[in-house]
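Examination of the molecular architecture
The residues making up each chain are set out below.
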Amino acid sequence: MKKIRIKTITMLVMCCFLVLLLGCHKNSGENEFTSGSEQTNYNGNKSVVHGFEGTDKGYYYLANEILYFYDIANDISMPMCSRTECTHLSENCDAYARDNYLDNDFSWICDGKELMLYNDSLYMVEHSKENGYYLVKYNISYNNKETVVQLSDFQNKSQILCANGSYAIYNSYFYYCVYDYSEAAIKDDYIFKVHCMRVKMEKDAVPEELGEFNYPGDYVAEAGKSAGISVLCHNDNVYYFASGYRRMWVHQNVEQCAIMSYNTKTAEFKNMYSSASGWDSGISKIKGSDDNTCIDKNGIIYAISDETNIVAINVETGEKKKIYSFAYSDLGDTLCSLAYDGQYLYFIANQASTVSMATYIKAIDTTGKEVASHKLKVNGHRDKNGNVQVTGELEILGLDNRNIVVLSKSPAYEGLSTDKKQPIGEGIKDCGVGLIPLSDFLEGKDITIKQIYKY
């Protein structure tokens, strides 16, 4: 994922290069672009986070709802749109990859940001307000859109796809959740029936229901951003991990959680853990969304709890324990954006103070021992009112054995800034995307973020 630092000799050469590399826009049907990888199996380990996919040749990523590809060899980041007159700043751009609409004061979200690369094709979940959610497929140039299968049915079943990140591609299947939105569920304190589903990754395959469980609808929908469901995969098991703690549609803020397991060999669906009163073992306030959870190569699930702790959950034995804590004050320290690369856990740590906020990228091993830490440098950026911009709006988009790819919504970080004057909280945009060399980070070297996108 690298930004667009184009150092060509002339604009003519640059334009010719872009046309040759990208081919036509997504309605054209041409495909001159190759990713260099025969198959990327999105395995649910979250070593690659939604909204980002890596290939041998570069990175796909989304920034401000536009899909980009960073070409490593040529050090160029380009929107997946070849229309020369396009500004790449609105939904009219051929690289636009997100869509929202409102209905009865509730936001149904098209998961355009949930980008998945599989068998040299790009997959996204898109919706029709009238008919439901669909799994759609593009070629790697973001052309040749094809509807693979309908995932949920608004008209006949009132089924809604669970919120962003509640799915994964694993061993040729797409795993996801839908819930029944009904008057009966609303009257029952918004306790919805959640259906754990999967469908073969082929044209017009028939979705199959694996099992179901009851769960608060505001947690299913991530209302209030204190909840969510993630799909985590390991060997023969697919886990539906649900957790939330701050209800939005009813007055009781009861933490509720559930872990459902499906074995792909035996076809057995099991309730591994469920509680209407929260987690045990002194663990609390886990958001089940995909950016707060991951699973390691041994099948242990890791999650951020209480905003400052990382906990390890052994689904098979039921053991739960806190392995890491980042709480230096009571002013609002937070952890976010948890990812795993097969060896270490990576995350963002924000340390609050009465003067400013310090932001770190950290890595720990699976016992909780810190193995690397980098404090991001700030640039003193001021907004249009002359105020020094605050930090704390940083996330890990993804990582591989080359780079940690980060996105910032704050212009205050060096290497992730923007030239635009923009106060935080007023139409926040993705300000910058940058690369941190993984080996330099793990070795504790001085790091300069390579910016590959600037708003």
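Our subject is the structure listed above.
Residues numbered from 1 in each chain as written. Predicted model: local features only at pLDDT ≥ 70, side-chain atom pairs only at ≥ 80, totals over all residues. Heavy atoms only, no water.

**Structural notes on the overall build of the protein**
Rule in force here: Helix and strand definitions here come from DSSP, where helices need a minimum of 4 consecutive H or I residues and strands a minimum of 2 consecutive E residues; each element is numbered from the N-terminal end. A 1.4 Å probe rolled over the protein chains alone gives each residue an accessible area, and that area as a share of the maximum for its type sets the label: buried under 20%, exposed over 50%, partly exposed in between. Whether two residues touch is decided by their heavy atoms; if any such pair falls within 4.5 Å, the residues are in contact.
Looking only at helices and strands, the protein has five helices and 31 strands in total. Burial status across the protein gives 56% buried among its 455 residues. For the protein, restricting intrachain contacts to residue pairs at least 6 apart in sequence, the fraction spanning at least 24 positions comes to 51%.

**A look at the nonpolar core**
Convention followed: Throughout this description, the term nonpolar core refers to a set of buried Ala, Val, Leu, Ile, Met, Phe, Trp, Tyr and Cys residues connected via side-chain atoms within 4.5 Å.
Core analysis: the largest hydrophobic core is formed by 48 residues, its most contacted members being Leu151 and Phe174. Here this core gets seven residues from one element, more than from any other, and that element is strand E13 (residues 173-180). Excluding anything up to four places from it in sequence, phenylalanine 174 contacts Met116, Val125, Leu135, Leu151, Tyr167, Ala168, Ile169, Met197, Arg198, Val199 and Met201.

**Considerations on the environment of glycine 217**
Mapped onto the elements of the fold, glycine 217 is located in helix H4 (residues 217-220). Taking relative accessible area as the criterion, glycine 217 reaches 0% and is therefore assigned buried. Glycine 217 sits 36 residues away from tyrosine 181 along the chain, and the two C-alpha atoms are 8.4 Å apart. Ignoring sequence-local partners within four residues, the contact set of glycine 217 consists of Tyr190, Phe192, Arg247 and Trp249.

**Considerations on the environment of serine 281**
Its place among the elements puts serine 281 in the loop between strand E19 (269-275) and strand E20 (293-295). Measuring from C-alpha to C-alpha, the distance between serine 281 and lysine 321 comes to 7.0 Å, with 40 residues separating the pair along the chain.

**Comments concerning the pairing of strand E25 (residues 345-352)**
Note the following rule: Two strands pair under a simple rule: DSSP has to find at least two bridges between them.
Judged by how many residues are buried, E25 sits mostly within the fold: seven of eight residues are covered. Two strands pair when backbone bridges link them, and strand E24 (residues 334-340) and E25 are joined in this way by five bridges, in the antiparallel orientation. Directly across from tyrosine 340, in E25, lies its bridge partner leucine 345. Here eight bridges tie E25 to strand E26 (residues 357-364), and the two strands are oriented antiparallel to one another. Bridge assignment links isoleucine 348 to a residue of E26, and that residue is isoleucine 361.

**Structural notes on unusual backbone geometry**
Despite not being glycine, serine 172 shows a phi value in the positive range, around 70°. Counting through the fold element by element, serine 172 comes out in the loop between strand E12 (168-170) and E13. The phi angle at serine 337 is positive, at roughly 60°, despite the residue not being glycine. Relative to the elements of secondary structure, serine 337 occurs in strand E24. Relative accessible area serves as the criterion here: at 8%, serine 337 is assigned to the buried category.

**Focus: the packing of aromatic side chains**
Applied cut-off: Pairs were defined over the aromatic rings of Phe, Tyr and Trp, the Trp ring being its six-membered one, requiring ring centres within 6.5 Å. Orientation was assigned from the angle between planes: stacked under 30 degrees, edge-to-face over 60, tilted for the rest. We call a charge positioned over a ring when the NZ of a Lys or the CZ of an Arg lies within 6 Å of the ring centre and within 35 degrees of the ring normal.
Taken as a whole and judged by the stated rule, the model has 22 aromatic pairs. With a centroid separation of 5.1 Å and an interplanar angle of 5°, the aromatic rings of tyrosine 273 and tryptophan 279 are classed as stacked. By the burial criterion, tyrosine 273 is buried, and tryptophan 279 matches it. The ring of tyrosine 173 has arginine 198 sitting right over it, with the charged end atom 3.8 Å from the ring centre.

**Regarding the sheet that holds strand E28 (residues 394-399)**
Worth spelling out the cut-off: In this description, a line fitted to the C-alpha atoms serves as the axis of each element, helices being fitted only across the stretch in contact, and the angle between N-to-C directions of two axes falls anywhere from 0 to 180 degrees.
The strand order E28-E29-E30-E31 describes an open sheet built from four strands, whose pairing is antiparallel. The two strands at the open ends of the sheet, each matched to only one other strand, are E28 and strand E31 (450-454). Between one strand and the next, the sheet's axes are offset by a mean angle of 25°, whatever the strand orientation. Bridge analysis of E28 against strand E29 (residues 403-408) gives five bridges, and the strand direction is antiparallel. The partner of leucine 399 across the bridge, within E29, is isoleucine 404.

**Comments concerning the sheet that holds strand E1 (residues 52-54)**
Whether parallel or antiparallel, the strands of a sheet pair through hydrogen bonds between backbone atoms. Here four strands make up an open sheet; going across it, the order is E1-E2-E3-E4 and the pairing antiparallel. Two strands bound the open sheet, and with one partner strand each, they are E1 and strand E4 (76-79). Pairwise comparison of adjacent strand axes, ignoring direction, gives a mean angle of 20° for this sheet. In the sheet, E1 pairs with strand E2 (residues 58-63) via three bridges, with the strands oriented antiparallel. Bridging across to E2, phenylalanine 52 finds its partner in tyrosine 61.

**Brief notes about the environment of glycine 299**
Counting through the fold element by element, glycine 299 comes out in the loop between E20 and strand E21 (300-305). The spatial distance from the C-alpha of glycine 299 to the C-alpha of leucine 232 is 9.0 Å, given a sequence separation of 67 residues.

**Regarding the side chain of asparagine 139**
Along the chain, the position of asparagine 139 falls in strand E9 (residues 132-139). Using a relative accessible area of 9% as the deciding quantity, one classes asparagine 139 as buried.

**Notes on the pattern of salt bridges**
Put simply, the test is: By definition, a salt bridge exists where a carboxyl oxygen of Asp or Glu is found within 4 Å of a side-chain nitrogen of Lys or Arg.
One pass over the full model with this rule turns up 15 salt bridges. In this structure, the salt-bridge partner of lysine 320 is aspartate 280, at a minimum N-O distance of 3.3 Å. One end of the pair, lysine 320, is in strand E23 (residues 320-325); the other, aspartate 280, is in the loop between E19 and E20, and 40 residues separate them in sequence. Put simply, aspartate 430 and lysine 409 hold a salt bridge, and the shortest N to O gap is 2.5 Å. Here aspartate 430 is found in the loop between E29 and strand E30 (432-437), whereas its partner lysine 409 is found in the loop between E29 and E30, with 21 residues between them in sequence. Residue classification places lysine 409 among the partly exposed residues on the basis of a relative accessible area of 22%. One salt-bridge network, held together by shared partners, links Arg83, Glu85 and Asp94.

So yeah, pure geometry; function would need other evidence.
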